[in-house]
Amino acid sequence: NAGVTQTPKFQVLKTGQSMTLQCAQDMNHEYMSWYRQDPGMGLRLIHYSVGAGITDQGEVPNGYNVSRSTTEDFPLRLLSAAPSQTSVYFCASRMWGPGTGELFFGEGSRLTVL
Amino acid sequence: KNEVEQSPQNLTAQEGEFITINCSYSVGISALHWLQQHPGGGIVSLFMLSSGKKKHGRLIATINIQEKHSSLHITASHPRDSAVYICAVSRNEKLTFGTGTRLTIIP
């Protein structure tokens, strides 16, 4: 099994450009989530999904869109990138259920917005 | 005040020492996770706890739900244990993370 696969690993954007961070998992996990990690701060939840067709906002959702058309994929879209979105992004998945299941993380995507 | 507080923020120890990292939280939770992040960024899950104690190799994690506190212990520490250890609490399908403890083990 590949686990959780994130692409791209590195990306440089100009302010106002759009892009999609891809996240795929092959463990049939219902729960998938996106986080950003900034220096001096803990990981923060951007959006999450508990199954195909179901998404919800986390702590810092502004400027990001998500969709969940399949169990396997959970892309994160930046419609108009801003320098404040410079960060390292992680996708994670687990079995669904309140607090249940080990978390599996992707390797991270380092995004720089100029 | 953050919902999840970790201490210490930084810890340097000699190889072989017993290590304790603490995590306190302020809300009711359904589970607590301990994660490890090595330089270079990958994050690995070490434990998920909802009560009691778990052990895996040289790592032990405990949680006291009444006191809203968890500890991660490393016995016989080794330089390869050098990493950032992150506590995260799960509540209503959302995770809230501590800022991490940077552990350095000196040979």
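(A) Looking closely at the interface of chain A and chain B. Each partner contributes to the interface: chain A provides 22 residues, whereas chain B provides 18 residues. Interface area, chain A with chain B, both sides summed: about 1,600 Å², of which 58% is carbon and sulfur. On inspection of chain A and its partner chain B, the count reaches one salt bridge. Scanning the region where chain A abuts chain B turns up four residue pairs in polar contact (both at pLDDT 80 or more). If you list the elements that add at least two residues to the side of chain A that touches chain B, you get β4 (31-37), β5 (44-51) and β9 (87-94) of chain A.

(B) Quick look at the nonpolar core. Residues I19, L32, W34, L46, F47, L72 and Y85 of chain B are the most contacted members of the largest nonpolar core, which totals 22 residues. Of all the secondary-structure elements, those providing two or more residues to this core are β3 (19-25), β4 (31-37), β5 (43-49), β7 (59-64), β8 (69-74), β9 (83-91) and β11 (101-106) of chain B. Once you skip the residues sitting within four places of it in the chain, L72 of chain B turns out to touch I19, T20, I21, W34, L46, F47, I60, A61 and Y85 of chain B. Formed by 19 residues, the second largest nonpolar core is a distinct cluster that contains L13, W34, L76 and C91 of chain A.

(C) Fine view of the environment of S30 of chain B. Here S30 of chain B shows up in the loop between β3 and β4. It is 6.3 Å that separates the C-alpha atoms of S30 of chain B and S50 of chain B, two residues lying 20 residues apart in sequence.

(D) Highlighting the state of the cysteines. By the definition in use, this model includes two disulfides over all chains. Note that C23 of chain A is cross-linked by a disulfide to C91 of chain A, the S-S spacing being 1.8 Å. Judged by the torsion about the S-S bond (-70°), the C23 of chain A/C91 of chain A disulfide is left-handed. Of this pair, C23 of chain A sits in strand β3 (residues 19-25) while C91 of chain A sits in strand β9, placing them 68 residues apart in sequence. An identical accessibility class is assigned to C23 of chain A and C91 of chain A; each is buried. In this model C23 of chain B forms its disulfide with C87 of chain B; the gap between the sulfur atoms is 1.9 Å.

Parameters and conventions
- Residues numbered from 1 in each chain as written.
- Chains lettered and ligands numbered in written order.
- Predicted model: local features only at pLDDT ≥ 70, side-chain atom pairs only at ≥ 80, totals over all residues.
- Heavy atoms only, no water.
- Contact = heavy atoms within 4.5 Å.
- Buried area = accessible area lost by both parts, 1.4 Å probe.
- Salt bridge = Lys/Arg side-chain N within 4 Å of Asp/Glu carboxyl O.
- Polar contact = N/O pair within 3.5 Å; in protein donor to acceptor, adjacent residues only side chain to side chain.
- Helix = DSSP H or I, 4+ residues; strand = E, 2+ residues; numbered from the N terminus.
- Core = buried A, V, L, I, M, F, W, Y, C linked by side-chain atoms within 4.5 Å.
- Buried < 20%, exposed > 50% of the residue type's maximum accessible area, 1.4 Å probe, protein only.
- Disulfide = S-S within 2.5 Å.

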